[in-house]
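Observations on the model geometry
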Amino acid sequence: MLAGEWLSGGAGRKTTWGFLDDGAKKDVRRALLKAVAIPGYQVPYGSREMPLARGWGTGGIQITLSLLSPEDVVKVIDQGCDGSVNAVNIKKFYERVGGVETTTDTREATLIQTRHRIPEERMDAGQILVLQVPYPEALREVEPSEANTRRMHAEADYARMWLHLYEDVVHYGEIRLAYRYPCTVNGRHVMDPSPIPRWDVPKLHMADTLFLFGAGREHRIYAVPPHTRVEPLEFEDHKFRVEDFHGKSCSRCGATDTFLDEILGPDGTRTFYCSDTGYCDKRRR
Amino acid sequence: MGYVAVQGGREAIERACDLYESSRSGRNSSPLGLDQIREQLPLAVDRVMGEGGLYAPDHAALSLRQAAGDTFEASLLLRAHRATLPRLAESLDCSSSSMRMVRRISSAFKDVPGGQVLGPTSDYTLRLLDFEILEDPLARRQLIRDRLFDGRIDEEEVPDEFPRVVELLRAEGLVEDVETGEDEPFDITRRSLVYPAPRSARLQAMARGETGGMLFLAYSSMRGYGHIHPTLAELRVGYVPLLVRNPLTGEDVVAGEVLATEADVVSRFSDPEGQPRFHVGYGMCFGQNEVKAISMGVLDRCMRAATPSSPAEDQEFVLSHIDGIESMGFSNHWKLPHYVDFLSDLDRLRKAQEVDRARR
Amino acid sequence: MHNIAVMATIEEHRVFRTILQAVSRPGTVHRLAPTPTRHLESLSLFARALLDPETSVAAASTGSVELVTEIAKGTGCRIASMDVARWIVAYATSADGVCAKVSRGSPDYPDESASVVYLVESLSETGGDIGWSGPGIPVVRRPSIPGLDRNEWRSIRHANSSYPLGVDCFFLDPQGRIVALPRSTRLQGDV
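Residues numbered from 1 in each chain as written. Chains lettered and ligands numbered in written order. Predicted model: local features only at pLDDT ≥ 70, side-chain atom pairs only at ≥ 80, totals over all residues.

**As for the sheet that holds strand β6 (residues 183-185) of chain A**
Residues and elements named next belong to chain A. In spatial order, the strands read β7-β6-β10; together these 3 strands make up an open sheet with antiparallel pairing. Across the chains shown, the open sheet's two edge strands, defined by having one partner strand only, are β7 (189-191) and β10 (230-232). With direction set aside, neighbouring strand axes in the sheet form an average angle of 35°. Pairing between β6 and β7: 3 bridges, direction antiparallel. Directly across from T184, in β7, lies its bridge partner V190. (Pairing = 2+ DSSP bridges. Helix = DSSP H or I, 4+ residues; strand = E, 2+ residues; numbered from the N terminus. Axes fitted to C-alpha atoms, helices over the stretch in contact; angles between N-to-C directions.)

Here it is as structure tokens:
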């Protein structure tokens, strides 16, 4: 036997279809079912190491690999962009281990994995959105210990989070939380929706689509099923507001109803483009 | 638009990978042999095996070469490879008293049953750069070998078993018994850690922990952030047998040997309620990695403090932050684009500035 | 063309995808595969996608012991007692209020609870007299779950009365159809 053959486990051993071994997939699947059954609750699971660094989407990848089918058409985006370095890398990985087709068109995709954005086009019941999550715990903002935050969720004790928001209003006249905006799911669990901008938070509420959240480094999986209440924390006299793009439009496609990236020019001018590049391309065609 | 260009991203990434591969493999130097890495950088190989959680010296050597010597990356490569391997069997408990000893010292006693065995160590070398090993000719290596093995070892004199110093102390009632209260060890590779974590989970997390991170925390405790005053009852480096039960015959068989470092730490008695006895801490990791085993022993003791009063005594603080693969990955992830989040932050700042102006 | 092992893996992926859709949309009927004609076949498809030596299974009553033994053999799943097992297999007609006897998780870890797989006769999306509402259900659904008596419905409702503690239920029929009833679903009507 050649040295390379021996090191890789022998010529007969091939990486299984979908890369993950059976035990890993089943662990993720069992966690996913619990996550859907308890919307917004973080299910611990035995997160496996992926051939990507921790913090680079390993949670999302484990979910996608556990439910991938050869018929799937997969879209991967990062900050809304299909061509972003890490998105391209992950997409390449799925083509290699699952032989799936990929797309940049939200409507064509059956499975979308994303980091920090939800596509602009409304997704339907046949589609699943997998979100990569760096911090699964919304309460980490106010409490560093996992043992304590778990207890707070158990008792539905969210007083410190509310106080945190209230203090912001008092000190700054505004809630400073920009992305990762905490939401109450199904009237019970406060959830971190991943670092999506506030713009995307309303898309989680009563959607037709299943949303799955994977935090590989933190070993947590959670979910928002379709037709589930997702309500951002807000005060009666201080309502939740999305980012303000009033009077601005995309310099490529002219859209005035999308989340816009701000690009600085050398002369200090600002130009705006759709963050959802797939949607922008489609509008220009 | 640099690294988020809509078109051409894929090609740029492929070229970046090629550039890495080209700079890693050197210009004209001959490729590093795995045997060279394994035999001449054994401590790096050992460290990577421990942090990668896979005892596989050849794979560790390959990963070090592929990672251009970065132990974080090399451990990640090894652990990611580990994740694709089937679990064939579970090894049986084994006592380190049957360790095939390479090195064994106790700093608690001048001499101990079985004796102090210094073994291979740089502890007593003068830390001067040795320009004589620039060439390191075969003749020189042979000379050292001759000096070492020229009829000086009398096999009769080497004991088969070395009693553990901490067990001798225990027999005299001088050290505590640590109850784990566990029938089956927790396995953090298949279940997420929960807090408070059982001792088996704490030990497993530390055995895979990053050497530098563990040293940092243990050192903070030794220096004064904490009340643990450790003594190294024993430090051992040697080969322990890997025992597996044959599923067909039910017979226990030795499937191989694993080089490991083990540290027994005892610390000052501190329980005013109970019987006065030394506390113990235990460290063990793959390969020869003494700094890590000692740090682990100290941290094991620290995390059992009755009332945690310093970072090293807070098990959640320690266990959540010692994994090199997780901490390295997350620190590096800040290199990924974050412009959507940043724009959202800008929106909040501008709004707050508006409010601020209106208030003034 | 894929070899047999890969084909089996891919089938597991498809089956799991179906189970995930079912639990995301409680009360809707899905089909794990077109082939089954017996309960054992439906249950095997379900089990192969989810069970392995890391989890445990129990029979709700003597009626389902044989099935559970088969499933444990096929997946390597451990057989455990009913109060600790993570998966419970029950024939609807002899389930005997099983949900009252199984683990509902703890306040810190409500996910450490049992899931009950009920084996029933032909499932359909309408015709039931109990209204289902909650996450995944835009308008009240009334699926028909044949063979489940009042006592059983009461044990399910009781098990899920202190959400998020609870028991998640799956109903399988011999033709490979599946309906899911997660703990988040509220049951209306005379139970």
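So, next bit.
**Describing the domain arrangement of chain B**
Residues and elements named next belong to chain B. Examined at the domain level, chain B breaks down into domain 1 (2-82) and domain 2 (96-328). If you average the C-alpha positions of domain 1 and of domain 2, the two centres end up 28 Å apart. Contact with domain 1, which involves 13 residues of that partner, is made by 14 residues of domain 2. Among the elements of the structure, α3 (42-52) and α5 (71-82) are those that each provide at least two residues to the side of domain 1 that touches domain 2. Looking at the side of domain 1 that touches domain 2 element by element, the count peaks at 7 residues for α3. Partitioned by chemical class, the residues of the side of domain 1 that touches domain 2 number 6 nonpolar, 3 polar and 4 charged. (Domains from an automatic or database assignment. Contact = placed C-beta atoms within 7 Å. Nonpolar A, V, L, I, M, F, W, Y, C, P; charged D, E, K, R; others polar.)

**Quick word on the interface of chain A and chain B**
Contacts between the two partners involve 49 residues from chain A and, on the opposite side, 46 residues from chain B. When residues in the side of chain A that touches chain B are grouped by element, the largest group, 4 residues, is from helix α4 (residues 85-98) of chain A. Each residue belonging to the side of chain A that touches chain B can be placed in one class, and the counts come to 17 nonpolar, 16 polar and 16 charged.

**Some thoughts on the nonpolar core**
Among the nonpolar cores identified, the biggest contains 183 residues, and L32 of chain A, L299 of chain B together with F46, I88, V89 and V116 of chain C are the most heavily contacted of them. Of all the elements, helix α2 (residues 22-37) of chain A adds the most residues to this core, at 8 residues. The residues touching L299 of chain B, leaving out its near neighbours within four places in the chain, are M206, M214, L217, A218, A312 and V318 of chain B. With 9 residues, the next largest nonpolar core counts A255, Y273, C274 and Y279 of chain A among its residues. (Core = buried A, V, L, I, M, F, W, Y, C linked by C-beta atoms within 7 Å. Buried ≥ 20, exposed ≤ 12 C-beta atoms within 10 Å, placed from the backbone.)

**Here we look at the sheet that holds strand β1 (residues 100-105) of chain B**
Residue and element names in this part refer to chain B. Strand order in this open sheet of 4 strands is β1-β2-β3-β4, and the pairing throughout is antiparallel. For this open sheet the edge positions go to β1 and β4 (279-286), each flanked by a neighbour on one side alone. Each neighbouring strand pair of the sheet contributes to a mean axis angle of 20°, computed without reference to strand direction. With 8 bridges connecting them, strand β3 (residues 252-267) and β4 associate as antiparallel partners. Residue pairing in the sheet places A260 in a bridge with F286 of β4.

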